[in-house]
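Spelled out, the chains give:
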Amino acid sequence: MKSIHFFALNEDLLALLEIVESKGALKYTHMGNFPGHEIKDGPRVFDTGAGIPNLGIAYADSSTTCERFLVCEQGMPIKLRCLKGVDGGERVCVDQLANADSVVFLSGGIRNEDIVLKGYIGTASDSKISQALMKRFHAAIKKTFSKVKAFYVGPKALTLLESGKRLTGSVQSPREYDLTPDGEKTDI
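In this text the structure is predicted, and so the values were computed from the model without any measurement.

Quick notes on the environment of K128
Next, step 1: Tracing the backbone through its elements, the reader meets K128 in helix α2 (residues 128-144).
Next, step 2: On the accessibility criterion, K128 (77% relative accessible area) is exposed.
Next, step 3: Sequence separation between K128 and V20 is 108 residues, and the spatial gap between their C-alpha atoms is 17 Å.

Some remarks on the pairing of strand β7 (residues 90-94)
Next, step 1: The sheet contact formed by strand β3 (residues 32-35) and β7 spans 4 bridges and is antiparallel. From the neighbouring strand, G32 faces β7, where its bridge partner is V94.
Next, step 2: In this structure, strand β6 (residues 81-84) lies alongside β7, joined through 4 bridges in antiparallel fashion. In the sheet register, L83 faces β7, and the bridge partner there is R91.
Next, step 3: In textbook terms, the turn of a hairpin is the stretch between consecutive antiparallel strands, and for β6 and β7 this stretch comprises 5 residues, one of which, G88, has a positive phi near 90 degrees.

Points about the sheet that holds β7
Next, step 1: Strand order in this open sheet of 3 strands is β3-β7-β6, and the pairing throughout is antiparallel. Strand pairing shows two members of the sheet lacking a second neighbour, β3 and β6, which therefore form its edges. Going across the sheet, the axis of each strand differs from the next one's by a mean of 30 degrees, ignoring polarity.

Reading guide: rules and limits
Along each chain, residues carry numbers from 1 onward, in the same order as the chain's sequence is written. Totals for whole chains, interfaces and linings use all residues, but because this is a predicted model, local features are given only for residues with pLDDT of at least 70 and pairs of side-chain atoms are given and counted only at 80 or more. Computation of side-chain values: all heavy atoms of the structure, hydrogens and water removed. Working definition: helices are DSSP H or I runs of at least four residues, strands are E runs of at least two. Numbering for both runs from the N terminus. Note on classification: 1.4 Å probe, protein chains only; a residue is buried when its accessible area is under 20% of the maximum for its type, exposed when over 50%, partly exposed between these limits. Criterion used throughout: strands pair if DSSP finds at least two bridges between them. To get an axis, a line is fitted to the C-alpha atoms, and for a helix only the part in contact is used. The angle between two axes follows their N-to-C directions and goes from 0 to 180 degrees.

As structure tokens, then:
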């Protein structure tokens, strides 16, 4: 299993992550490509999903530019990749390339009070640990979310969908590509 796409609000995500974490302690490391001086003391790490500030709130207009977290077992060290920036300064990457025993978690979430951007859990790794994490997430999401077309939708997000709110990949995306509850076309 390589990816799970979903729509969720804070309450949906907290319920999901509580189940996943009940199977073993995890940590969530802020992913990205950072100027070296920004993470000289190390990347931001959260011991629980509930500890992630503003979980389920999208601060970008597209799910692809929302915050991402590298999720791994609590005791797993996070390896950083150092690069030279175009300005000659050091850049530090926190990603799966150097951390195969992990999954990527992008929560998506509510944007502008009436749009829910899609989230994603996935991996580029075939490692046993990474695949076991994917199975934990998949089992938990099947238990707590509803399946609508190709997406899992959390209970709170489902309420918004049923009330006519937009569930989409991007604020700029035409409404015809939004997830709909009634079987209409969707290409999110």
